[in-house]
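Below are the chains, spelled out letter by letter.
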Amino acid sequence: MAAQGPGRRLTPLLLGLAALVLYLLYDVNPPEGFNLRRDVYVRIASLLKTLLKSENWVLVLPPWGRLYHWQSPDILQVRIPWSEFFDLPSLNRNIPVIEYEQFLAESGGPFIEQIYVLQGYAEGWKEGTWEEKIDERPCIDQLMYSKDKHEYYRGWFWGYEETRGLNVSCLSVQGSASIVAPILLKNTSAQSVMLDRAENLLHDHYGGKDYWNTRRSMVFAKHLRVVGDEFRKKYLQSTDEADRTHYKEDWTQMKVKMGTALGGPYLGVHLRRKDFIWGHREDVPSLQGAVKKIRSLLDVHKLEKVFVATDAVEEEIELLKKLLPEMVRFEPSWEELELYKDGGLAVIDQWICAHARYFIGTSVSTFSFRIHEEREILGFDPKTTYNRFCGEKEKNCEQPTHWKIVY
């Protein structure tokens, strides 16, 4: 039987089991997008690995839905399981994970025993030596939970209105994900614990072997990869054989040398618009500036086609088509949009960009960051991967930092 933290409740029923299963759940600040949330998963996976050294924990995957960038009208995009976007057996080769629906079935009902809302320190960070610390503190901001007449806590809970929290308290944190482990192992007797605002935790070992194992395990769902591969073949004359991007379904068996991938005969582009136009105006080019850079790269690399992933509005898309007739985009039918949803379309776009001969992305965009990682996993030369558009007035246009994959 797994070792239990002090005070961990064991019911007579559970005493008869080989090991008490403990459930870790988490959520992220609502405005955060799909690709930042994928990064938070990597941080939480490190925490789970630390917990597993002492107790039998499983990570409950937070259902997807209601994200800022998922703006397609007339499509219900809540309570979406991870299997819509990622391959669950691949995730399970790294850490034990289950979907939220399975948690509901296993745990005996829609109850989360303990919710910890993660926050910073009210006094802020004082200049000087950085120290990792965690303390149970009064909540700084108004809680996004309210008590009902039965004294249960109601909240968003990924669109599952029937879910209730039994206890809610706040933890001030300053440090990496595993700093929470002692609290979960010793300070609570709850069998199910949720960490809200989990983006407040930092990576345990960013860029190390543990990071890359978790990142490599985040294999896109096969049905989305198949759609991307068929599009590459039909419109971009791109196949794994010709591109030297052979893929193994078991990520633990896939270890490639840097620079072995050639990529398809097209330029991959991620051109972030919308909120970036005003939020990052210094390092986002005008459409004309972007087209000028794209034309230059097509000439340098002797390519005739460019695949563009962008969140540009319809008027900008029309202008791009006029300025860049060689542009190819994945434009789904209504049926495809309903089937794959906005998150699935983002995955397909990233998959196609990841296979390009040369890729250029948008500064500080997590969408571009995830493509960098995907190309690293596939074995591309960093020079063809870590590139970004520069703002019109940028004097010192630094390119993205290169992170080398660690096996």
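All of these numbers come straight from a predicted model, not from anything done at the bench. (Residues numbered from 1 in each chain as written. Predicted model: local features only at pLDDT ≥ 70, side-chain atom pairs only at ≥ 80, totals over all residues. Heavy atoms only, no water.)

> Requested: an account of the pairing of strand β8 (residues 164-174), with residues and values cited.
Burial of β8 is extensive: nine of the eleven residues sit out of reach of the surface. In this sheet, β8 lies alongside strand β4 (residues 111-119) in parallel orientation, the contact comprising eight bridges. Directly across from I112, in β8, lies its bridge partner G165. As paired strands, strand β5 (residues 133-137) and β8 are joined by five bridges and run antiparallel to one another. If you follow E136 over to β8, its bridge partner there is L171. (Buried < 20%, exposed > 50% of the residue type's maximum accessible area, 1.4 Å probe, protein only. Helix = DSSP H or I, 4+ residues; strand = E, 2+ residues; numbered from the N terminus. Pairing = 2+ DSSP bridges.)

> How would you sum up the sheet that holds strand β12 (residues 327-328)? Please name residues and give values.
With parallel pairing, the four strands of this open sheet are ordered in space as β12-β11-β10-β13. Edge positions in the sheet fall to β12 and β13 (356-360), since each has one partner strand and no second. In this structure, strand β10 (residues 264-271) lies alongside β13, joined through four bridges in parallel fashion. Following the sheet pairing, G268 is matched in β13 by F359. With respect to the sheet, helix α12 (residues 334-354) is in contact with β10, β11 (306-310) and β13, its orientation differing from that of β11 by roughly 145 degrees. (Contact = heavy atoms within 4.5 Å. Axes fitted to C-alpha atoms, helices over the stretch in contact; angles between N-to-C directions.)

> Can you break down the state of the cysteines residue by residue, with the values?
Evaluation of the coordinates by the stated rule reveals two disulfides. Covalently, C139 is tied to C170 through a disulfide, its sulfur atoms 2.0 Å apart. Here C139 and C170 share a disulfide; its torsion about the S-S bond, 100 degrees, makes the bridge right-handed. Of the two residues, C139 is situated in the loop between β5 and β6 (146-147) and C170 in strand β8; the sequence distance between them amounts to 31 residues. When its relative accessible area of 2% is taken as the criterion, C170 is described as buried. Covalent S-S linkage joins C390 and C397, the inter-sulfur distance amounting to 1.8 Å. Its torsion about the S-S bond being -80 degrees, the disulfide of C390 and C397 is classed as left-handed. You can call C390 partly exposed: its relative accessible area is 30%. When the cysteines of the protein chain that form disulfides are numbered from the N-terminus onward, they connect as 1-2, 3-4. (Disulfide = S-S within 2.5 Å.)

> Outline a nonpolar patch on the surface, listing residues and values.
On the surface, a nonpolar cluster with roughly 340 Å² of combined accessible area is contributed by W125, W130 and L202. Examined against the element boundaries, W125 turns out to sit in the loop between β4 and β5. (Patch = residues over 30% accessible without salt bridge, like charges linked within 9 Å, V, L, I, M, F, W, Y side chains within 5 Å. Areas by Shrake-Rupley, 256 points an atom, 1.4 Å probe, with all protein chains shown as cover. Salt bridge = Lys/Arg side-chain N within 4 Å of Asp/Glu carboxyl O.)

> Mind laying out the packing of helix α7 (residues 222-236) against α12, listing which residues take part and the relevant values?
Where α7 meets α12, the axes come as close as 9 Å, and the angle between the chain directions of the two elements is 50 degrees. One finds that α7 runs oblique with respect to α12. Where α7 crosses over α12, the two elements pack in a sense that is right-handed. Where α7 abuts α12, its residues H223, L224, R225, V227, G228, D229, F231, R232 and L236 lie against Y340, G344, V347, I348, W351 and I352. (Parallel < 35°, antiparallel > 145°, perpendicular 65-115°, else oblique. Left-handed = near helix turned anticlockwise from the far one by under 90°.)

> Could you give me a rundown of the pattern of salt bridges, with the residues and numbers involved?
Enumeration over the complete set of coordinates arrives at 23 salt bridges. Residue R232 pairs with D243 through a salt bridge whose shortest N-O separation is 3.1 Å. Remark: D243 occurs in helix α8 (residues 240-243) and R232 occurs in helix α7; sequence separation between them is eleven residues. R232 sits in the buried class, given a relative accessible area of 1%. For D243, a relative accessible area of 2% translates into the label buried. Here E326 ties to R295 by a salt bridge, and the two come within 2.6 Å at their closest N and O atoms. Here E326, found in the loop between α11 (314-323) and β12, pairs with R295, found in helix α10 (residues 287-300); they are 31 residues apart in sequence, far enough to count as distant. For E326, a relative accessible area of 24% corresponds to the partly exposed category.

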